There are 2 protein chains.
Amino acid sequence: MTDRKMIKPTESELEILQLLWAHGPSTVRFVNDQLNEYREVGYTTTLKLMQIMADKGLARRNTESRTHVYSAGVSESDTQEHLLKKFLDATFRGSAMKLVMQTLGNHETSPEELDEIKALIEKMEKDNH
Amino acid sequence: MTDRKMIKPTESELEILQLLWAHGPSTVRFVNDQLNEYREVGYTTTLKLMQIMADKGLARRNTESRTHVYSAGVSESDTQEHLLKKFLDATFRGSAMKLVMQTLGNHETSPEELDEIKALIEKMEKDNH
DNA sequence: AAGTATATACGAAACCTTTCGTAAAGTCAA
DNA sequence: TTGACTTTACGAAAGGTTTCGTATATACTT
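Residues numbered from 1 in each chain as written. Chains lettered and ligands numbered in written order. Predicted model: local features only at pLDDT ≥ 70, side-chain atom pairs only at ≥ 80, totals over all residues. Heavy atoms only, no water.

**Some details on the protein's contact with DNA strand C**
What surrounds DNA strand C is a group of 21 residues, the closest being A:Arg29, A:Tyr43, A:Arg66, B:Thr10 and B:Ser12. Among the atoms of DNA strand C lying within 4 Å of the protein, the sugar-phosphate backbone contributes 59%. In this structure, a phosphate oxygen belonging to DNA strand C sits 3.0 Å away from a side-chain N or O atom of A:Arg61. Of all the secondary-structure elements, those providing two or more residues to the surface near DNA strand C are α3 (43–56) of chain A together with α1 (11–23) and α3 (43–56) of chain B. For the surface near DNA strand C, a count of residues per class yields four nonpolar, nine polar and eight charged. (Near = heavy atom within 4 Å. Polar contact = N/O pair within 3.5 Å; in protein donor to acceptor, adjacent residues only side chain to side chain. Helix = DSSP H or I, 4+ residues; strand = E, 2+ residues; numbered from the N terminus. Nonpolar A, V, L, I, M, F, W, Y, C, P; charged D, E, K, R; others polar.)

Take a look at the structure:
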């Protein structure tokens, strides 16, 4: 998170970023097909969004071939961290604890995952002490 | 969370809800003053927002006296749960675990809180086993 | 070469959220 | 009762996001 002026992606932009993060550099056609797996969106709509994202720096595009190839312009973890901070303030008034408790309480988490979290906590307590 | 069609509050609406949750039934004047503690907003702007919230069911209002009194129309925990679900999907592709790890890693949490979380995890593991 | 298909560019409509000006009505004090 | 003040109501402007129609260019097929 070196970038000082972080841009907050809109909902649609985030949806597209998720695809770029998950699949790597992609064409508009591919992204649009993916989106249409679970909701209807016109091709030019997706195109426009991705062009806007390129303008904003949220995506990069390679225009060497006629069919442009887009890739994410911001890192997944930086973006998650940034959005998490905002969400935490807006929804939980900054209480990280409450958010974690809600999350653990409401979404099933596998025993392995729980163990992993416990390990992380223990590591933090050791480092901290 | 009995309500089946949950409304997603906008950012401004959530800001106002936080105040209603924290302080209980309040007048527009009070809410507006609170908002102005950390950013400038016109009185009629706040009034309009609260009227809209009443329309949507996000707030209730008592119009007995000339000065209307508004209270939250949705519960804090239901709303948090609902927003958390959406945020989790949109930002962490549904991985509760990743969200928790990010949160614990990035925001300082006191030793007491960490213990509390550990206790919760252990309780879950016992219940689950 | 002509016709079909697929790509980008552009602009504007549609929609939502936020902001505020103005009007109308109620309250209060001198 | 008049004037200053506060409140709600209303509507529309301003700003941002999403959607898509249309134009233009390029490639592919027969």
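Text resumes after the structure shown.
**Details of the pattern of salt bridges**
Tallied over the entire structure, the rule returns 14 salt bridges over all chains. Here B:Glu11 and A:Lys8 are joined by a salt bridge, their closest N and O atoms 3.0 Å apart. Of this pair, B:Glu11 sits in helix α1 while A:Lys8 is found in the segment before α1 (11–23), placing the two residues in two different chains. Classification of A:Lys8 as partly exposed rests on a relative accessible area of 39%. For the salt bridge of A:Lys85 with A:Glu81, the shortest nitrogen-to-oxygen distance reads 3.8 Å. Here A:Lys85 pairs with A:Glu81, and both are found in helix α4 (residues 76–92), just four residues apart, close to one helical turn. Under the relative-accessibility criterion, A:Lys85 is labelled partly exposed at 39%. (Salt bridge = Lys/Arg side-chain N within 4 Å of Asp/Glu carboxyl O. Buried < 20%, exposed > 50% of the residue type's maximum accessible area, 1.4 Å probe, protein only.)

**Comments concerning the relation of the copies chain A and chain B**
Superposing chain A onto chain B takes a rotation of 179 degrees plus a shift of 0.1 Å along the axis, which leaves an RMSD of 0.2 Å. The superposition operator between the copies reduces to a two-fold rotation axis. Of every C-alpha in chain A, the one belonging to A:Val100 sits nearest the axis of rotation, 2.9 Å from it. In this assembly, 100% of the residues forming the interface of chain A have copies in chain B that are likewise at the interface, indicating an isologous arrangement. (Least-squares fit on C-alpha atoms with pLDDT ≥ 70 in both. Contact = heavy atoms within 4.5 Å.)

**What to know about unusual backbone geometry**
Within the chain, A:Arg93 stands out as a residue other than glycine whose phi angle is a positive 45 degrees. By the secondary structure assignment, A:Arg93 is in the loop between α4 and α5 (96–106).

**Quick look at the protein's contact with DNA strand D**
With respect to spatial proximity, 21 residues lie near DNA strand D, and among them A:Thr10, A:Ser12, B:Arg29, B:Tyr43 and B:Arg66 are the closest. Those atoms of DNA strand D that come within 4 Å of the protein belong to sugar or phosphate at a rate of 57%. Note that a phosphate oxygen of DNA strand D is positioned 3.0 Å from one of the side-chain N or O atoms of B:Gln51. B:Arg61 places a side-chain nitrogen or oxygen 3.0 Å from a phosphate oxygen of DNA strand D. Those elements that place two or more of their residues in the surface near DNA strand D are α1 and α3 of chain A together with α3 of chain B. Grouping the constituent residues of the surface near DNA strand D by class yields four nonpolar, nine polar and eight charged.

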